[in-house]
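Here is what each chain is made of, one letter per residue.
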Amino acid sequence: MTIRNDRSAPKSPRVSAQPGRARNAAIEEMIRVDHAGEFGAVRIYEGQRAVFRNLPHKQEIADALDRMAKDEEVHLSRFNEIVNERGVRPTALAPVWHVAGFALGAATALLGEKAAHACTAAVEEVIDEHYKSQVSRLDQMGAEEKPLRDTIEKFRLEEVEHRDEALASGAREAPAYPLLSGAIKAACRLAIKVSEKA
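What this report covers is the structure whose coordinates are included nearby. (Residues numbered from 1 in each chain as written. Predicted model: local features only at pLDDT ≥ 70, side-chain atom pairs only at ≥ 80, totals over all residues. Heavy atoms only, no water.)

1. So, the overall build of the protein
Counting its regular elements, the protein contains six helices and zero strands. When the helices and strands of the protein are read in sequence order from the N terminus, they spell out α-α-α-α-α-α. Buried residues in the protein amount to 44% of all 198 residues. At a minimum sequence separation of 6, the contacts of the protein that also span at least 24 residues come to 85%. Just so you have it, the protein exposes about 11200 Å², and 57% of that area is on carbon and sulfur atoms. (Helix = DSSP H or I, 4+ residues; strand = E, 2+ residues; numbered from the N terminus. Buried < 20%, exposed > 50% of the residue type's maximum accessible area, 1.4 Å probe, protein only. Contact = heavy atoms within 4.5 Å. Areas by Shrake-Rupley, 256 points an atom, 1.4 Å probe, with all protein chains shown as cover.)

Set out below in structure tokens:
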């Protein structure tokens, strides 16, 4: 009786039992992190508004923050729907972003209007990059993901408007702007990475 050594036989490539699993996982990560990001943005604006809303001489920035916050609430509402429609598990870090977002908003507002604008500009710059990358990936996935792609692109353009408004309102005049902006951007990029998986 001859015993065949299977180690010498060429191995056939392993085929996933779930076609499209990698693609589905990528989409789930996109939705999870975008949902988390919009939640964080809502909390940042809540922190800033808590500081400015009761100061009569800060009515202009309070009104601007109210308007931007409404956009973020619409974004979050839509991502709430998408999470439910697609059965995506939200990030387990929501309690962290609940506290951290509010704290970031309140802290920058306490530093003054320019710092609050610097926070908005930094966050929205990172979100613009992030959403742009997602739109590019979704473009490669074809027509099936066009509704998600179009939603993200619409929201990206609104985030860019927030960034541009913050810059026009003097974000770059904030104390230690390069340091403040750089720290906020680094924190946002880390939050994105962590929220994709967690």
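2. Structural notes on the nonpolar core
Counting 33 residues, the largest nonpolar core has Ile 31, Val 123, Leu 138, Leu 148, Ile 152 and Ile 184 as its most contacted members. Elements with a contribution of two residues or more to this core: α1 (21-52), α2 (59-86), α4 (113-139), α5 (146-168) and α6 (177-197). The leading source of residues in this core is α4, at eleven residues. Setting aside residues up to four positions removed in sequence, Leu 148 forms contacts with Ile 27, Ile 31, Ile 82, Arg 86 and Leu 138. (Core = buried A, V, L, I, M, F, W, Y, C linked by side-chain atoms within 4.5 Å.)

3. Considerations on the pattern of salt bridges
In total, this model carries 20 salt bridges according to the counting rule given. One salt bridge connects Glu 113 with Lys 58, and the closest N-O pair in it is separated by 3.0 Å. Residue Glu 113 is found in helix α4, and its partner Lys 58 is found in the loop between α1 and α2; the two are separated by 55 residues along the sequence. Among the salt bridges present, the one from Asp 128 reaches Lys 132, with a minimum N-O distance of 3.8 Å. Of this pair, Asp 128 and Lys 132 both sit in helix α4, four residues apart, which is roughly one turn of the helix. Residue classification places Asp 128 among the buried residues on the basis of a relative accessible area of 6%. Given a relative accessible area of 46%, Lys 132 falls into the partly exposed group. Residues joined in a network through salt bridges with shared partners are Asp 128, Lys 132, Glu 153, Arg 156, Arg 163 and Asp 164. (Salt bridge = Lys/Arg side-chain N within 4 Å of Asp/Glu carboxyl O.)

4. Regarding the packing of aromatic side chains
Scanning the entire structure with this criterion turns up one aromatic pair. Here the aromatic rings of Phe 79 and Phe 155 are separated by 5.9 Å at their centres, their planes lie at 65 degrees, and the arrangement is edge-to-face. One end of the pair, Phe 79, is in helix α2; the other, Phe 155, is in helix α5, with 76 residues separating them in the sequence. Residue Phe 79 shares its accessibility class with Phe 155, and that shared class is buried. (Phe/Tyr/Trp six-rings, centres within 6.5 Å; stacked < 30°, edge-to-face > 60°.)

5. Here we look at the state of the cysteines
Scanning all chains against the criterion turns up zero disulfides. Looking at Cys 119, it has no disulfide partner, and the nearest cysteine sulfur is the one in Cys 188, 7.3 Å off. Judged by its relative accessible area of 0%, Cys 119 is buried. When its relative accessible area of 14% is taken as the criterion, Cys 188 is described as buried. (Disulfide = S-S within 2.5 Å.)

6. Side note on the packing of α2 against α4
Contact geometry for α2 and α4: axes closest at 12 Å, N-to-C directions at 30 degrees. Here α2 lies roughly parallel to α4, going by the angle between them. α4 is crossed by α2, and the crossing has left-handed handedness. Across the interface between the two elements, Ile 61, Met 68, Glu 72 and Phe 79 from α2 touch Glu 113, Ala 116, His 117, Thr 120, Glu 124 and Tyr 131 from α4. Considered class by class, the residues forming the contact of α2 with α4 number five nonpolar, two polar and three charged. (Axes fitted to C-alpha atoms, helices over the stretch in contact; angles between N-to-C directions. Parallel < 35°, antiparallel > 145°, perpendicular 65-115°, else oblique. Left-handed = near helix turned anticlockwise from the far one by under 90°. Nonpolar A, V, L, I, M, F, W, Y, C, P; charged D, E, K, R; others polar.)

7. Description of the side chain of Asp 34
Within the secondary structure layout, Asp 34 lies in helix α1. Here Asp 34 is buried and forms no salt bridge, its nearest opposite-charge partner Arg 137 lying at an N-O distance of 8.8 Å. Beyond its immediate stretch of four places on either side in the chain, Asp 34 contacts Phe 79, His 130, Tyr 131, Gln 134 and Ile 152. (Lys, Arg positive; Asp, Glu negative; His and termini not counted.)

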